[in-house]
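Notes for the structure review
Chain by chain, the residues:
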Amino acid sequence: MEDEVDRLVGAWNTERPDLDVAPLHVLSRISRLARHLDRARRAVFGAHGLESWEFDVLTALRREGSPYQLSPGRLLHATLVTSGTMTNRIDRLAAAGLVERHPDPLDKRGVIVRLTPAGLRRVDAAFADLLDREQVFLEGLSPAQRSALADLLRTLLVPFDS
């Protein structure tokens, strides 16, 4: 079985035999898979009237459990964006009726961002559809292979997540 990465690695081996192109075997496949996954995710989110960034914020709130709320600072940490970007995102989600701002009972100057019932329904439906769509990506792997792949990818990612 040959894929596009095998072809490009072969071409580089011919054109630049002086270079070790071995990283391409793994990282080009990860990159190509990420592009396919991004397209699939965008399609699922679009079917639910969501952008990727909206899904990120809504799922960060949803994972917190009832009452599905976080401070803007914790949302920043969960989604890795700047405070100005987060303020804009919260404004847009609030205008769409998917989140609400509430006074922070622990900080009179602060706010808490909470999922609305509509936001909860939307994120739950989108997440369920996303998982169905992503299962397709893994159909060719046995449960043991999925576990081994997850472990190997974790090993690669941990230094970046620290």
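Below you will find a few notes about this structure. From a predicted model like this one, the values you see are computed outputs, not experimental measurements.

Now for the overall build of the protein chain. If you tally the helices and strands in the protein chain, you get seven helices and three strands. When its helices and strands are written in sequence order, the protein chain yields α-α-α-β-α-α-β-β-α-α. Taken over the C-alpha trace, the protein chain has a radius of gyration of 20 Å; the compact-globule value for 162 residues is 15 Å, which it surpasses by more than 25%. Residues counted as buried form 23% of the 162 residues belonging to the protein chain. Split by element, the accessible area of the protein chain, about 10900 Å² in all, is 57% carbon and sulfur. Averaging the locations of the 22 positively and 23 negatively charged side chains of the protein chain gives two centres separated by 6 Å.

So, on to a nonpolar patch on the surface. Taken together, the side chains of Val26, Leu27, Ile30, Leu149, Leu153 and Leu156 define a hydrophobic patch exposed on the protein surface, amounting to about 470 Å² of accessible area. The set of elements that each furnish at least two residues to the nonpolar patch consists of α2 (22–47) and α7 (143–161). Counting through the fold element by element, Leu156 comes out in helix α7.

Calculation criteria
- Residues numbered from 1 in each chain as written.
- Predicted model: local features only at pLDDT ≥ 70, side-chain atom pairs only at ≥ 80, totals over all residues.
- Heavy atoms only, no water.
- Helix = DSSP H or I, 4+ residues; strand = E, 2+ residues; numbered from the N terminus.
- Rg over C-alpha atoms; globule rule 2.2 N^0.38 Å.
- Buried < 20%, exposed > 50% of the residue type's maximum accessible area, 1.4 Å probe, protein only.
- Areas by Shrake-Rupley, 256 points an atom, 1.4 Å probe, with all protein chains shown as cover.
- Lys, Arg positive; Asp, Glu negative; His and termini not counted.
- Charge placed at Lys NZ, Arg CZ, Asp CG, Glu CD.
- Patch = residues over 30% accessible without salt bridge, like charges linked within 9 Å, V, L, I, M, F, W, Y side chains within 5 Å.
- Salt bridge = Lys/Arg side-chain N within 4 Å of Asp/Glu carboxyl O.

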